[in-house]
Amino acid sequence: MKKHLFTLIILGFISFQKSYAQGCVAIRSTGNACMLAHADSTQHKQWVLTTSARYFKSFRHFSGTHENEERLAQHTEVINHTASLDFNLTRILNDRWSIMIDLPVISNARSSLYEHGLINGTNKFNERHSTHSFGVGDLRIAAYHWLFDPRKSMRGNIQLGLGIKLPTGDYDYQDYWYNVGPDGGKELRTVDQSIQLGDGGTGFTVEANTYYNLTHNFGVYGNFYYLVNPREQNGVRTYRETLTPRLANEAIMSVPDQYMARGGFSYAVNSVTRGLSVAVGARLEGIPVHDIVGGSGDFRRPGYVWSIEPGINYSGQKFSFFVSVPVALSRNRTQSVTDKENSVKYNTFVRGDAAFADYSVNAGVSFKF
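This structure is a prediction, so every number in the text was calculated from the model and none was measured. (Residues numbered from 1 in each chain as written. Predicted model: local features only at pLDDT ≥ 70, side-chain atom pairs only at ≥ 80, totals over all residues. Heavy atoms only, no water.)

Undergrad: Describe the overall build of the chain, naming the residues involved and giving the relevant values.
TA: Scanning the chain for helices and strands turns up three helices and 21 strands. Buried residues in the chain amount to 57% of all 369 residues. Nonlocal contacts in the chain, meaning residues at least 24 apart in sequence, comprise 72% of its contacts between residues at least 6 apart. Split by element, the accessible area of the chain, about 14600 Å² in all, is 62% carbon and sulfur. (Helix = DSSP H or I, 4+ residues; strand = E, 2+ residues; numbered from the N terminus. Buried < 20%, exposed > 50% of the residue type's maximum accessible area, 1.4 Å probe, protein only. Contact = heavy atoms within 4.5 Å. Areas by Shrake-Rupley, 256 points an atom, 1.4 Å probe, with all protein chains shown as cover.)

Structure below.
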């Protein structure tokens, strides 16, 4: 029964593989370990290796909850392609404790007009170009503990996690901007915050994972993740102040907090250890306007995405394969601290926009040994 219950809930934990927001609201790849669960309530030590991939394309621009549809009609939208491969190694110490180390490898491409020849709100060259970034992201290490004895708490449990995120990802990645040099040529500049590999901050993570089995093959699950980034800004120039003087207070990149919450229902199709499970739930992820610790100024694109997240998982004796596809239902680019400062300075309401995806695709495989 214990093994069957693990099969039932593993999708709830493991189908969430990346904490990337879908677009320019740049949530880094640091929330994936919300999926972690102990293996079959076993007493012996064990390793779990998880490799997962995620892809999305963001192109729909929002200011608040309003979609700026004219960007698509005028072909001025910013298009981000993000693909990542995540390597997660977990050491099961016993039936209550585990430790985890996680490292993503990320590939980004960003196509736009406004970064390549924009002057006073107009791109005089009307040329679309792309910038790219590739490399490792921010490393995270965390420890997890089940609050209740898995051998006694058969129907449900709560897992808590504490971790540290290290700034191993390049947060000053550079590529060529076109039509911006002294002679109108290309110039090596920092790529946009949304495709940087890291944020430049040492952060601390808090997690909670829970499940409850209503019947022998039907249950509910929930995950919560929050990254506290005490550093206010990382000193990296955005070049936004060169686009218009109104963006002078967005010249440096912020190091924002990030969060994720999700919950839903899972159903085990098979009533044996190895079998198929399906799940569906709601997922919220975003960047807050104000950080819990430290300042919140400089440049960030705060906002959040509500998604419906169906998923499927197949569990074997030593492996699991999983796929989930979060589909965006509501997207909101909220007003940042610098937006509010500009609203006062210019005596008019200011709120930037951000590009979001319609959906993302997550897939991976997990091995126990």
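Undergrad: Describe helix α3 (residues 337-345), listing the residues and the values that go with them.
TA: Of the residues making up α3, those classed as buried are Val337, Thr338, Asp339, Asn342 and Ser343. Considering only its buried residues, α3 is in contact with β20 (327-333).

Undergrad: Break down unusual backbone geometry for me, citing the residues and quoting the values.
TA: Backbone geometry places Tyr239, a non-glycine residue, at a positive phi of 70°. Relative to the helices and strands, Tyr239 is located in the loop between β14 (233-237) and β15 (252-254). For Asp298, which is not a glycine, the phi torsion comes out positive at approximately 65°. Tracing the sequence through the fold places Asp298 in the loop between β17 (275-287) and β18 (303-315).

Undergrad: Quick one: what's the story with the pairing of strand β9 (residues 156-166), residue by residue and with numbers?
TA: Remember that side chains alternate between the two faces of the sheet whenever the strand is regular. In terms of strand pairing, strand β8 (residues 139-146) meets β9 through eight bridges, oriented antiparallel. Each residue of the ladder has a partner; that of Ile141, found in β9, is Ile164. (Pairing = 2+ DSSP bridges.)

Undergrad: Which residues make up the layout of surface pockets, and what values do they have?
TA: Size it by volume and the largest pocket reaches roughly 790 Å³. As for the largest pocket, its lining consists of 33 residues, and the residues nearest its centre are Tyr114, Leu118, Arg240, Leu247 and Asp353. Of all the elements in the fold, those that place two or more residues in the lining of the largest pocket are β1 (46-63), β6 (122-123), α3 and β21 (354-368). Tallied by class, residues from the lining of the largest pocket come to eleven nonpolar, twelve polar and ten charged. (1 Å grid on protein atoms, 1.4 Å probe; cavity = no way out; pocket = protein on both sides within 12 Å on 5 of 7 lines; lining within 4 Å. Points joined across faces, edges and corners; volume = space filled by probe spheres on them. Nonpolar A, V, L, I, M, F, W, Y, C, P; charged D, E, K, R; others polar.)

Undergrad: Talk me through the pattern of salt bridges; I want residue IDs and the actual numbers.
TA: Considering all chains together, one arrives at 20 salt bridges under this definition. When the shortest N-O distance is used, the salt bridge between Arg262 and Glu309 registers 3.0 Å. Residue Arg262 is located in strand β16 (residues 258-268), and its partner Glu309 is located in strand β18; the two are separated by 47 residues in the primary sequence. In terms of burial, Arg262 and Glu309 fall into one category: buried. A cluster of three or more residues bridged by salt bridges with shared partners is formed by Arg60, Glu67, Arg331 and Asp358. (Salt bridge = Lys/Arg side-chain N within 4 Å of Asp/Glu carboxyl O.)

Undergrad: Requested: an account of the pairing of strand β4 (residues 97-112), with residues and values cited.
TA: Sheet analysis places strand β3 (residues 79-92) next to β4, joined by 14 bridges and oriented antiparallel. Counted as the bridge partner of Asn80 is Arg110 from β4. Sheet analysis places β4 next to β8, joined by six bridges and oriented antiparallel. Each bridged residue has a counterpart across the sheet, and for Ile99 the counterpart in β8 is Ala143. Bridge count for β4 against strand β7 (residues 129-136) is eight bridges, and the pairing is antiparallel. Bridge pairing in β7 places Ile106 opposite Gly135.

Undergrad: Describe the confidence of the model for the chain, listing the residues and the values that go with them.
TA: For the chain, the average pLDDT comes to 88, and 86% of its residues sit at 70 or higher. Between residues 1-21, whose pLDDT stays under 50, and residues either more than four places distant or in other chains, the model counts 113 contacts. In this model, residues 30-41 is a region of pLDDT below 50 whose contacts with residues beyond four sequence positions or in other chains number 69 contacts. (pLDDT = per-residue confidence, 0-100.)

Undergrad: Pulling in residues and values, what's your account of a nonpolar patch on the surface?
TA: A cluster of nonpolar side chains, contributed by Phe265, Val280, Trp306, Ile308, Val327, Leu329, Tyr359 and Val361, occupies part of the molecular surface with about 720 Å² of accessible area. Those elements that place two or more of their residues in the nonpolar patch are β18, β20 and β21. By relative accessible area, Phe265 is classed as partly exposed at 44%. (Patch = residues over 30% accessible without salt bridge, like charges linked within 9 Å, V, L, I, M, F, W, Y side chains within 5 Å.)

Undergrad: Run through the packing of aromatic side chains, naming residues and quoting values.
TA: Each pair of aromatic rings is reported with the distance of its centres and the angle of its planes. Using the criterion set out here, one finds five aromatic pairs in the structure. Seen from their ring centres, Trp146 and Tyr211 are 6.0 Å apart, and the 90° between their planes marks the pair as edge-to-face. Separated by 65 residues along the polypeptide, Trp146 in strand β8 and Tyr211 in strand β12 (residues 203-213) bring together distant segments of the chain. Its relative accessible area of 10% is what places Tyr211 among the buried residues. (Phe/Tyr/Trp six-rings, centres within 6.5 Å; stacked < 30°, edge-to-face > 60°.)

Undergrad: Break down the environment of Ala53 for me, citing the residues and quoting the values.
TA: With respect to the element layout, Ala53 can be found in strand β1. Ala53 gets classed as partly exposed once you look at its relative accessible area, which sits at 33%. Residues Ala53 and Val323, spaced 270 residues apart in sequence, show a C-alpha to C-alpha distance of 9.6 Å. Ignoring any residue separated from it by four or fewer positions in sequence, one finds Ala53 in contact with Ser84, Leu85, Val361, Asn362 and Ala363.

Undergrad: Run through the side chain of Asp291, naming residues and quoting values.
TA: Summarising the element assignment, Asp291 is placed in the loop between β17 and β18. Take Asp291: its relative accessible area is 9%, and that puts it in the buried class. Within the structure, the side chain of Asp291 is placed 3.0 Å from the backbone nitrogen of Asp257, a separation counted as a polar contact. Those residues in contact with Asp291 that lie beyond four places of it in its chain are Asn229, Val255, Pro256, Asp257, Ser296 and Arg300. (Polar contact = N/O pair within 3.5 Å; in protein donor to acceptor, adjacent residues only side chain to side chain.)

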